[in-house]
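# Structural overview
For reference, the chains in residue letters:
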Amino acid sequence: MLRLRTLIFITIVTLALVGCVSTPSGSTVQSAPYRLISGTVMYPNIVYFPSRVRMEIDLVGRNLVTKATTNLVSQTILNPQRFPLNFILRYDPNDIVRSNEYFIRVNLYREGESEPYLSSFEVLLPPLRGDDSLYIELHTVT
């Protein structure tokens, strides 16, 4: 009998807690306040990287009139050892301006150096509309 009362009590408490947590029927589920750009960085050659390198992946906006650039988002990956290397950049859609074009730039730096060892071309993005995906290939810097 005591076991039955305990089971009933636990069931009532559980139902009460579930009722408190559930959302009202009139509410709507909001999407995340950010958007994603995913991509893959490739390097076609088999190359050994020193143990201390850093890869910087930047989402950059360029004003079409003034050509001024603004770095929106940056991701740094320390000591990548294998390619292909996947990445995800998360950006705020409120930062996107119609008068700008947007591109991704990838640079690989050796430890202590400010000039990139490997670099990608600017990968021009189509108009940013949501979760976008792209492919980037690194090239030696000359």
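Residues numbered from 1 in each chain as written. Predicted model: local features only at pLDDT ≥ 70, side-chain atom pairs only at ≥ 80, totals over all residues. Heavy atoms only, no water.

## Considerations on the nonpolar core
Judged by nonpolar contacts, the single largest core of 19 residues is most densely connected at Met55, Ile57, Leu59, Leu89 and Ile104. Put simply, the parts of the chain that give this core at least two residues each are strand S1 (35–42), strand S2 (53–63), strand S3 (69–78), strand S4 (85–91) and strand S5 (100–110). The residues contacting Ile57, other than those within four sequence positions of it, are Val73, Ser74, Gln75, Ile77, Phe87, Leu89, Ile104, Arg105 and Val106. (Core = buried A, V, L, I, M, F, W, Y, C linked by side-chain atoms within 4.5 Å. Buried < 20%, exposed > 50% of the residue type's maximum accessible area, 1.4 Å probe, protein only. Helix = DSSP H or I, 4+ residues; strand = E, 2+ residues; numbered from the N terminus. Contact = heavy atoms within 4.5 Å.)

## A short note on the packing of aromatic side chains
Both the distance between ring centres and the angle between the ring planes are used here to describe each pair of aromatic rings. As enumerated under the stated definition, the model contains zero aromatic pairs in all. Above the plane of the ring of Tyr109 lies Arg54, whose end atom (NZ or CZ) is 4.3 Å from the centre. The cationic tip of Arg90 hangs over the ring face of Tyr34; the distance from NZ or CZ to the ring centre is 4.6 Å. (Phe/Tyr/Trp six-rings, centres within 6.5 Å; stacked < 30°, edge-to-face > 60°. Lys NZ or Arg CZ within 6 Å of the ring centre and 35° of its normal.)

## Notes on unusual backbone geometry
Unusually for a residue other than glycine, Lys67 sits at a positive phi of about 65°. As for its position among the elements, Lys67 is in the loop between S2 and S3. For Lys67, a relative accessible area of 51% puts it in the exposed group. In this structure, Asn79 takes a positive phi of about 55° despite not being glycine. The topology assignment puts Asn79 in the loop between S3 and S4.

## Quick look at the pairing of S4
Of the two faces of S4, the one lined by Leu85, Phe87, Leu89 and Tyr91 is fully buried and the one lined by Asn86, Ile88 and Arg90 carries no buried residue. Relative to S4, S1 runs antiparallel, the two sharing seven bridges. Bridging from a neighbouring strand, Thr40 pairs with Asn86 of S4. (Pairing = 2+ DSSP bridges.)

## Overview of the environment of Gln81
Among the structural elements, Gln81 can be located in the loop between S3 and S4. Given a relative accessible area of 43%, Gln81 falls into the partly exposed group.

## Regarding the pattern of salt bridges
For the coordinates displayed, the defined rule picks out three salt bridges. Arg54 is the salt-bridge partner of Glu56, the closest N and O atoms lying 2.9 Å from each other. Overall, the relative accessible area of 19% leaves Glu56 in the buried class. Among the ionic pairs, Glu101 bridges to Arg62, the shortest N-O distance being 2.8 Å. Taken as a pair, Glu101 in strand S5 and Arg62 in strand S2 lie far apart in primary sequence, 39 residues in all. The class of Arg62 is buried, set by a relative accessible area of 16%. (Salt bridge = Lys/Arg side-chain N within 4 Å of Asp/Glu carboxyl O.)

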